[in-house]
Amino acid sequence: MSILFKTISTFGVLLAMSSSIHAESLYSINMQARLIDSDGDGVIDVRDRCSNTEKDAAVDNYGCPDVSEKLLTVQLNILFDSGQAIVKPSFYPELKKLADFLNANPASSVVIEGHTDDVGSSELNHSLSQKRANAIADVLVDSFRIRQNRVKGIGYGEDRPIESNDTPEGREKNRRVVAEVFARQEAEQKRWTIYSVDQNSSTAYKSY
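Conventions we followed
- Residues numbered from 1 in each chain as written.
- Predicted model: local features only at pLDDT ≥ 70, side-chain atom pairs only at ≥ 80, totals over all residues.
- Heavy atoms only, no water.
- Core = buried A, V, L, I, M, F, W, Y, C linked by side-chain atoms within 4.5 Å.
- Buried < 20%, exposed > 50% of the residue type's maximum accessible area, 1.4 Å probe, protein only.
- Helix = DSSP H or I, 4+ residues; strand = E, 2+ residues; numbered from the N terminus.
- Contact = heavy atoms within 4.5 Å.
- Salt bridge = Lys/Arg side-chain N within 4 Å of Asp/Glu carboxyl O.
- Expected span 1.5 Å × (residues − 1).
- Arc of directions from axis to C-beta.
- Pairing = 2+ DSSP bridges.
- Right-handed = clockwise from strand over helix to strand, strands pointing away.
- 1 Å grid on protein atoms, 1.4 Å probe; cavity = no way out; pocket = protein on both sides within 12 Å on 5 of 7 lines; lining within 4 Å.
- Points joined across faces, edges and corners; volume = space filled by probe spheres on them.
- Nonpolar A, V, L, I, M, F, W, Y, C, P; charged D, E, K, R; others polar.

Visitor: Give me the lowdown on the nonpolar core, citing residues and values where you can.
Guide: The nonpolar side chains of a soluble globular protein tend to be buried with one another. Core analysis: the largest hydrophobic core is formed by 24 residues, its most contacted members being Ile112 and Leu140. Within the residue set of this core, elements represented by two or more residues are helix H3 (92–104), strand E2 (108–115), helix H4 (122–142) and strand E4 (177–183). If you tally residues by element for this core, the top one is H4, at 7 residues. Filtering out sequence-adjacent residues up to four positions away, isoleucine 112 remains in contact with Leu76, Leu98, Ala133, Ile136, Leu140, Lys152, Gly153, Ile154, Val177, Val178 and Ala179.

Below, the structure written as structure tokens:
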């Protein structure tokens with residue numbers, strides 16, 4: 001009986017030591033490093049197959065850009081008053097054509113891109129282009145009843161010129177608004193977190 005008790009006690013000590021070592025490993029420097037999301041795309045490094053994803057890009061479960069089929073690219077002929085981000089009603093017919101296309105393709109989404117020339121500070125141009133892209137997106141949602149989750153505005157400021165800013169003609173072409181329409185998957189995209197369990201890998205970690 002004494003031998004059995006000693007055996008059980010020894011097994012219990014070994015089990016406790018094993019659990020302690022395992023628990024400690026979860027907080028090791030190496031483990032913490034593997035749980036970091038270096039490029040900020042929502043996928044931890046241990047699962048990330050594309051380590052330098054562009055900021056705010058849509059990604060799949062492995063941190064790689066989520067490729068969508070582009071259906072339409074159109075430059076919107078919408079003019080704004082200097083320094084302003086209000087869409088005048090006279091330009092609504094231009095947006096109605098875009099809204100009609102979106103309604104005819106209900107599994108699509110649109111990104112409104114705002115661009116400027118290089119006159120003024122980079123910060124001001126970026127802010128203004130974002131406000132103008134958002135203003136157009138708001139008109140699509142509020143006036144043409146396109147669902148908000150199908151419309152996104154992005155302001156690029158002066159970062160993506162299509163012509164030289166050295167001439168008035170070039171600057172005029174760079175002051176543009178572009179609508180990019182993409183096919184959109186209906187299924188909600190699942191995302192990995194530190195609580196996810198990868199059924200096909202022995203490197204899944206779960207924190208309690």
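Now that the structure is up, let's keep going.
Visitor: Outline the pattern of salt bridges, listing residues and values.
Guide: Taken as a whole and assessed by the stated rule, the structure comprises 5 salt bridges. For aspartate 81, the salt bridge is made with lysine 88, and the minimal N-O distance between the two is 3.0 Å. Judged by relative accessible area, which is 34%, lysine 88 ranks as partly exposed. For the salt bridge of lysine 97 with glutamate 94, the shortest nitrogen-to-oxygen distance reads 3.6 Å. On the criterion of helical spacing, the pair formed by lysine 97 and glutamate 94 is a turn pair, its members being 3 residues apart in helix H3. Residue lysine 97 is classed as exposed on the basis of its relative accessible area of 56%. Judged by its relative accessible area of 16%, glutamate 94 falls in the buried class.

Visitor: Could you give an account of H3, naming the residues involved and the relevant values?
Guide: Because each turn of an α-helix spans 3.6 residues, side chains separated by three or four positions in sequence point in the same direction. Taking 1.5 Å per residue as the helical rise, H3 with its 13 residues ought to reach 18 Å, and the 18 Å between its terminal C-alpha atoms agrees with that figure. Within the sequence span of H3, burial applies to Glu94, Leu95, Leu98, Ala99 and Leu102. Down the axis of H3, the buried set is contained in an arc of 135°. They therefore lie on one face. Exposed and oriented more than 90 degrees from the buried face of H3 are Pro93, Lys97 and Ala104. Where H3 is buried, its residues contact strand E1 (70–76), E2, H4 and E4.

Visitor: Give me the lowdown on the pairing of E2, citing residues and values where you can.
Guide: Burial within E2 is extensive, with 8 of its 8 residues counted as buried. Taken together, the 7 bridges between E2 and E4 define a ladder with antiparallel strand orientation. By the bridge assignment, isoleucine 112 is partnered in E4 with alanine 179. As judged from the 6 bridges shared by E2 and strand E3 (residues 151–157), these two strands associate in the parallel manner. Paired with glutamate 113 across the two strands is isoleucine 154, which belongs to E3. Handedness of the E2-H4-E3 crossover: right-handed.

Visitor: I'd love a proper account of the environment of valine 141, names of residues and values included.
Guide: Note on placement: valine 141 falls in helix H4. Sequence separation between valine 141 and valine 151 is 10 residues, and the spatial gap between their C-alpha atoms is 7.6 Å. Aside from chain neighbours lying at most four places away, what touches valine 141 is Ile146, Gln148 and Val151.

Visitor: Summarise the layout of surface pockets; cite the residues concerned and give the values.
Guide: Regions of empty space are outlined by a rolling probe, equal in size to a water molecule, passed over the atoms. Within this model, the second largest pocket holds a volume of roughly 570 Å³. Along the walls of the second largest pocket sit 24 residues, with Phe80, His115, Arg132, Arg175 and Arg176 positioned nearest its centre. Elements with a minimum of two residues in the lining of the second largest pocket: E1, E2, H4 and helix H5 (168–174). Per-element tally for the lining of the second largest pocket: the top contributor is H4, with 5 residues. Broken down by class, the residue content of the lining of the second largest pocket amounts to 8 nonpolar, 10 polar and 6 charged.

Don't take any of this as a statement about function, it's just geometry.
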